[in-house]
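# Examining the three-dimensional arrangement
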Amino acid sequence: MATTSTPVTHHGGHHAAHASFLEDPQHRGLMSWLTTVDHKRIGLMYLWSVLTAFLLGGLFALALRLELLTPKEDFMTAETYNKVFTLHGAVMVFLFIIPAIPAALGNFVLPLMLGAKDVAFPRLNLASYYVYMTGAIMALTAILTGGIDTGWTFYTPYSTTTGGAVTLMTFSVFVLGFSSIFTGINFVATVHKLRAPGMGWFDLPLFVWGTYATAIIQVLATPVLAITLLLLAFERMFQIGIFDAKLGGDPVLFQHFFWFYSHPAVYIMILPGMAIISEIIPTFSKKHIFGYRAIAFSSVAIALISFIVWGHHMFTSGQSQLAAVIFSFLTFLVAIPSGIKVFNWVATMYRGSIALDTPMLYAISFLLLFTIGGLTGIFLGALSVDIHLHDTYFIVAHFHYVMMGGTVIAFLAGVHYWWPKMFGRMYNETWARIGCILVFFGFNITFLNQFAMGAKGMPRRYYSYLDQFQGNHIGSTVGSWVLALGLFIAAGVLLASLRKKYDAPDNPWGSKTMEWETQSPPITHNFPNNPVMQHGPYDYNAPSVRREA
Ligand code: HEM
Ligand SMILES: [Cu+2]
């Protein structure tokens, strides 16, 4: 099996010729991290924070799966179960998956890819992290002071009347939204203003296009969520009559407001994942990406179309036939730019010299899992099918194939791809691959069972169920254990590498984008000299650029 873990552009000796940003003598100690304006350090602080959120959300998921081993109540009452799935969903969406790639990996990589010293607004970048942490602490307080049982969608009228820490949780999500907006503003300005000399828009790595399209959605859509949650909190506190029918309000209006943000938000989740895959596939196929401009424009097209399909979450909410038909048609439309990406990724691999290093294994897993997630999305865009499957486990399986099988797998691909650049160490390739394979099979066992029982009518958000579904639930729970084992092995392998001395070369994968033209890990100001673009990001025929000693 071909691999590229033997250094390609590596200078005789090693890696970090100058003190890296991790142990810069001018920036030592905890305070130097807490007050840093270095995008790399802020990216890593986000990375550890979102990984902690993923662990918490994952433990909630394992608890749900354990309770669902039998059709009857085991160790969770109905109320506890409602709280645990709500917190699982809310933690995974707002504390993990939305910031995971843009704010953690994007923060670290974007300026390096552009040949810049940092993002456009470094202080705003640090502020975005503290706003994130403030929101996270408020969410944790809400969890510890009663939690919430509304579902992660906070639907009215139940959310305006139920007990628990709903108001505090809505305010924490309100605050978290601003962290996302700040990150978006920073990235849009950085891409417009800080590109290296000679780097035009069509010389940009596709990761930059994907991050840019995501930033547009973050800036335009997130304020809608903010006002929606503010209205919900005011409805709870002052009974202002926006969503409460008794007070002349309209509970379905909340769904329109919520999904007007949350559908574009699913693209804030998946577009950065797609952007990572567009970097990894040409690198491990040693071939120019197929259809560069089509992929670049499809990111922007997805960002725009994502604002006009929200009604497909409400086919059973009593909307008019005409509205339903229009939203169904527009939902099919958004599948086209996603399909273009999948086609171009496969075309790039065609006749490439494929190297199956761990990042590429995750990328190939992404291709298979995201395609299943995307295709079932088309099923659910069809009115008759959706009315049958709405609120069943088919829906739960669909969005986990897109969010976990898509974004999280792409996130793992990106973490393994940029780990040598971020921390200056290579990791154990064999165990990393074992982790990846367990994640792939564990994931499929967990969620294919959910497609099966959902199609047979198993409703979501139920802690007890009819005996006929127990077989699928047992399969799904065992799958979640295999998935968890794979994730723990992956985490263990990466953390174990941090005990080693630096051994990563500048460019272990032989990639052509600019972040690999500086040392691993980079110096505080990224490049010793102002880099100039010398070849395209996927020019595998161009000679490698060597770093000035
Ligand atoms: C790590 C593996 C995961 C497992 C085993 C898992 C399992 C589950 C299960 C069993 C439910 C359904 C509960 C029910 O309807 O009764 C659920 C709901 C949900 N999950 Fe996951 N999940 C995982 C990862 C994720 C990830 C990465 C996300 C990312 C965003 C996520 C987001 C959600 C959301 C939003 C819900 C809906 C919660 C609600 O109904 O309010 N999950 N998950
Ligand atoms: Cu949607």
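Residues numbered from 1 in each chain as written. Chains lettered and ligands numbered in written order. Predicted model: local features only at pLDDT ≥ 70, side-chain atom pairs only at ≥ 80, totals over all residues. Heavy atoms only, no water.

## Side note on the site of ligand 1
- The local shell around ligand 1 holds 24 residues, among which Y81, H88, H400, R460 and R461 are the closest.
- Y81 is positioned such that a nitrogen or oxygen atom in its side chain is 2.6 Å from an oxygen atom of ligand 1.
- Within the side chain of R461, a nitrogen or oxygen atom sits 2.6 Å from an oxygen atom of ligand 1.
- Elements that contribute at least two residues to the shell around ligand 1 include exactly α2 (39–67), α3 (78–114), α13 (393–423) and α15 (470–497).
- A class-by-class count of the residues in the shell around ligand 1 yields 16 nonpolar, five polar and three charged. (Near = heavy atom within 4 Å. Polar contact = N/O pair within 3.5 Å; in protein donor to acceptor, adjacent residues only side chain to side chain. Helix = DSSP H or I, 4+ residues; strand = E, 2+ residues; numbered from the N terminus. Nonpolar A, V, L, I, M, F, W, Y, C, P; charged D, E, K, R; others polar.)

## Regarding the coordination of the copper ion (ligand 2)
- Coordination of the copper ion (ligand 2) by the protein is provided by H263 (ND1), H312 (NE2) and H313 (NE2), with metal-donor distances spanning 1.9 to 2.0 Å.
- Motif for the copper ion (ligand 2), donor spacing along one chain: H-x48-H-H. There is no split in this pair, since H312 and H313 are both buried. (Donors = N, O, S within 2.8 Å, 3.2 Å for Na, K, Ca; no water. Buried < 20%, exposed > 50% of the residue type's maximum accessible area, 1.4 Å probe, protein only.)

## Thoughts on the packing of helix α8 (residues 251–285) against α13
- Direction vectors running N to C along α8 and α13 enclose 50°, while the axes themselves pass 9 Å from each other. By the angle class used here, α8 and α13 are oblique. As α8 packs across α13, the resulting crossing turns out to be left-handed. Listed contacts from α13 to M269, I270, G273, I276, I277, E279, I280, T283 and F284 of α8 are V402, M403, G406, T407, A410, F411, A413, G414, Y417 and W418. (Axes fitted to C-alpha atoms, helices over the stretch in contact; angles between N-to-C directions. Parallel < 35°, antiparallel > 145°, perpendicular 65-115°, else oblique. Left-handed = near helix turned anticlockwise from the far one by under 90°. Contact = heavy atoms within 4.5 Å.)

## Re helix α9 (residues 292–305)
- Between its terminal C-alpha atoms α9 stretches 20 Å, which fits the 20 Å expected from 14 residues at 1.5 Å a residue.
- Taken residue by residue, α9 has Y292, I295, A296, S298, S299, I302, A303 and I305 as its buried positions.
- In this fold, the buried residues of α9 make contact with α7 (206–238), α8 and α10 (321–349). (Expected span 1.5 Å × (residues − 1).)

## Quick word on the packing of aromatic side chains
- Taken as a whole and assessed by the stated rule, the structure comprises 44 aromatic pairs.
- Judged by centre distance (6.3 Å) and plane angle (80°), the rings of F243 and F257 are edge-to-face. In this pair, F243 sits in the loop between α7 and α8 while F257 sits in helix α8, placing the two residues 14 residues apart along the sequence.
- Between K40 and the ring centre of F21, over which it is positioned, the NZ or CZ distance is 5.4 Å.
- Of note, R293 hangs over the ring of F202, and the distance from its end group to the ring centre comes to 3.7 Å. (Phe/Tyr/Trp six-rings, centres within 6.5 Å; stacked < 30°, edge-to-face > 60°. Lys NZ or Arg CZ within 6 Å of the ring centre and 35° of its normal.)

## Some remarks on the coordination of the iron atom of ligand 1
- Within the protein, H88 (NE2) and H400 (NE2) serve as the donor atoms for the iron atom of ligand 1, at 2.0 Å.
- Coordination geometry of the iron atom of ligand 1: the six donor atoms subtend angles of 88 to 180° at the metal centre, consistent with an arrangement described as octahedral. Taken together, the positions of H88 in helix α3 and H400 in helix α13 put the pair 312 residues apart, joining distant regions of the chain.
- Exposure remark for H88: the relative accessible area of 13% places this residue in the buried category. (Tetrahedral: all angles 85-135°; square planar, octahedral: opposite > 155°, others 65-115°.)

## Quick notes on a nonpolar patch on the surface
- Taken together, the side chains of L66, F75, I474, V478 and W481 make up a nonpolar region of the molecular surface, amounting to roughly 440 Å² of accessible area.
- Per element, the largest residue contribution to the nonpolar patch is three residues, and it comes from α15.
- In this fold, I474 is placed in helix α15. (Patch = residues over 30% accessible without salt bridge, like charges linked within 9 Å, V, L, I, M, F, W, Y side chains within 5 Å. Areas by Shrake-Rupley, 256 points an atom, 1.4 Å probe, with all protein chains shown as cover. Salt bridge = Lys/Arg side-chain N within 4 Å of Asp/Glu carboxyl O.)

## Some thoughts on the packing of α7 against α8
- Put simply, α7 and α8 touch, their axes get as near as 8 Å, and they point 160° apart. By the angle between their axes, α7 is roughly antiparallel relative to α8. Considering how the two elements wind past one another, α7 and α8 form a crossing that is left-handed.
- A breakdown of the residues in the contact of α7 with α8 according to their chemical character gives 21 nonpolar, six polar and one charged.

## Regarding the pattern of salt bridges
- For the structure shown, the criterion picks out six salt bridges.
- The shortest N-O distance in the salt bridge between D38 and K40 comes to 3.0 Å. This pair shows no difference in class: D38 is buried, exactly as K40 is.
- Here D391 ties to R460 by a salt bridge, and the two come within 3.9 Å at their closest N and O atoms. One end of the pair, D391, is in the loop between α12 (383–389) and α13; the other, R460, is in the loop between α14 (429–455) and α15, with 69 residues separating them in the sequence.
- Overall, D391 belongs to the partly exposed group, its relative accessible area being 37%.

## Notes on the environment of A294
- Within the fold, A294 resides in helix α9.
- Once the C-alpha coordinates of A294 and I340 are considered, the two residues, 46 residues apart in sequence, prove to be 7.3 Å apart.
- In this structure, A294 is in contact with I340 and N344, ignoring residues within four places of it in sequence.

## Points about the confidence of the model for the protein
- The pLDDT averaged across the protein works out to 94; a share of 96% of its residues lies at or above 70.
- Of the regions scoring below 50 in pLDDT, residues 1–12 engages in 29 contacts with residues more than four places distant in sequence or in other chains. (pLDDT = per-residue confidence, 0-100.)

## What to know about the nonpolar core
- Core analysis: the biggest nonpolar cluster contains 168 residues, and F94, F96, F154, W345, F366, W418 and M422 have the highest contact counts within it.
- When sequence neighbours within four positions are dropped, the list of residues in contact with F94 reads P99, W152, F154, V173, L176 and L225. (Core = buried A, V, L, I, M, F, W, Y, C linked by side-chain atoms within 4.5 Å.)

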